[in-house]
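Breakdown of the fold
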Amino acid sequence: MTDRLSSEAKDDLLSRGYSRRSLGRVAALLSAGMAVRSIVGRAEASPLTALPPGDVTKMVRIGSNECWTGPFPAAAKAGAAAVFEGNRYDPTGHTREDLISTAAKIDNIPENCILPWGGSSDPLCRTIVTFCSPTRGLVTADPSYEAGWVASEWLKIPLKKVPLDASNGYKTDVKAMLKADPNAGVYYICSPNNPTGTLTPLEDIRWLVANKPKDSIVLVDEAYIHFSNAPSAVALVAEGRDVVVLRTFSKMFAMAGLRLGFSMAPPALHEKMMRYDGVNQTHMLPIPAVVCGTKSLTMKADIDARRREMIAARAMTYDHLQKKGISFIPSDANMFVIDWKRPAGPIKDAFLKENIIIGRSWPIWPNASRITVGSMSEMKKFCAALDRIIG
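Treat the numbers as computed from the prediction; the structure is a model and nothing was measured. (Residues numbered from 1 in each chain as written. Predicted model: local features only at pLDDT ≥ 70, side-chain atom pairs only at ≥ 80, totals over all residues. Heavy atoms only, no water.)

Okay, the side chain of Ser250 next. By the secondary structure assignment, Ser250 is in the loop between strand S7 (243-248) and strand S8 (261-264). Residue classification places Ser250 among the buried positions, given a relative accessible area of 5%. Separated by 3.0 Å, the side chains of Ser250 and Thr248 make a polar contact. Looking at Ser250, its side chain comes within polar contact range of the side chain of Arg259, at 3.5 Å. Apart from residues lying up to four places away in sequence, Ser250 is in contact with Cys67, Met255, Ala256 and Arg259. (Helix = DSSP H or I, 4+ residues; strand = E, 2+ residues; numbered from the N terminus. Buried < 20%, exposed > 50% of the residue type's maximum accessible area, 1.4 Å probe, protein only. Polar contact = N/O pair within 3.5 Å; in protein donor to acceptor, adjacent residues only side chain to side chain. Contact = heavy atoms within 4.5 Å.)

This paragraph deals with helix H2 (residues 20-29). For an α-helix the count is 3.6 residues per turn, leaving residues at separations of three or four pointing the same way. Summarising burial for H2: seven of the 10 residues are buried, a large majority. The complete set of buried residues in H2 reads Ser22, Leu23, Gly24, Val26, Ala27, Ala28 and Leu29.

Glycine aside, the phi torsion of most residues is negative, and most peptide linkages are trans. Along the chain, Asp142 connects to Pro143 via a cis peptide bond; the corresponding omega equals 10 degrees. For Pro143, the position within the fold is in the loop between strand S3 (138-142) and helix H7 (147-155). A positive phi angle is found at Ala254, which is not glycine, with a value near 60 degrees. Note on placement: Ala254 falls in the loop between S7 and S8. Phi angles above zero are rare outside glycine, and Arg259 is one such case at about 60 degrees.

Residue position: Asp304 is located in helix H14 (residues 300-324). Look at Asp304 and you get buried, because its relative accessible area is 18%.

See below:
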């Protein structure tokens with residue numbers, strides 16, 4: 001397995017404190033996306049999140065932060081047309097380049113700052129491998145997206161989790177992150193955060209970038225940024241800061257099953273991340289997904305309309321929860337957290353009996369559930385079931 005790593009990559013890893021045994025784990029983690037799916041996928045594979053047996057297509061599925069509808073029709077049509085040219089590795093000779101140039105124009109950053117991937121899991125893990133080590137750890141909020149936790153455990157990397165706090169509006173506390181590990185390799189911020197949907201202000205991210213230790217990275221996961229009107233941390237990439245921004249097409253663009261994403265970083269950071277191979281992963285992308293994603297990026301009016309649709313369904317649900325006196329955390333994304341004030345597992349089971357799949361809990365908040373915002377119709381069904389379950 002370690003044959004997948006170049007001599008340069010092995011020397012780099014060993015010089016930063018990884019053991020020779022760890023080299024195989026690194027190679028597995030970054031091997032053609034295989035381990036990214038199987039190892040990091042464990043973050044979504046707990047009993048509270050696994051799909052139930054039987055036909056789930058008839059159920060209300062608001063547990064995995066998927067979009068309630070499919071890709072934008074015009075984008076799906078473009079992607080479908082590309083299927084008929086699937087006999088070619090690249091029908092136009094510049095399909096991947098078109099995706100990059102389109103994203104660069106929209107986000108106002110140089111094209112050489114963008115790498116496309118089959119989703120965002122690979123670059124997330126790749127950033128941790130590149131900038132963390134057994135002596136330079138990972139710091140995240142808690143709760144937050146757990147893929148980094150799983151990768152750090154797999155690679156034996158120190159991990160610090162900073163609890164979210166009501167006094168701070170459940171925002172990621174960047175000063176507490178730096179205090180938790182003043183010499184970390186990566187400070188991971190998911191903004192809007194999963195599961196809370198809360199934003200980390202750009203000025204807070206700037207503060208962390210300015211005060212972090214030398215050679216460390218601020219990794220900003222913007223999987224849900226299109227559901228918010230908040231400014232992106234991509235501006236820091238354009239300035240050449242020590243920042244890696246992740247994007248996915250799985251959420252707003254409703255392409256979870258098509259697997260497409262970006263990492264955005266100064267070229268020097270990407271160059272370090274690519275020492276462990278990665279050429280296949282960033283170049284051998286499914287052409288229909290690339291074509292669909294490229295078209296999706298340009299559809300501003302549709303993006304705005306979908307955001308408004310989500311906000312309306314979310315606001316209706318919030319209103320219903322408030323009337324029932326049920327505690328929740330207001331969100332800037334297509335999810336929110338409900339505090340049931342009692343164990344969440346049985347409540348999840350009760351919703352399942354109503355043919356509704358809600359989200360999981362995090363160990364730090366066993367009495368809370370993440371709820372994905374579905375369509376208005378789906379959220380009305382959720383509210384009606386809630387009335388029957390809670391009374």
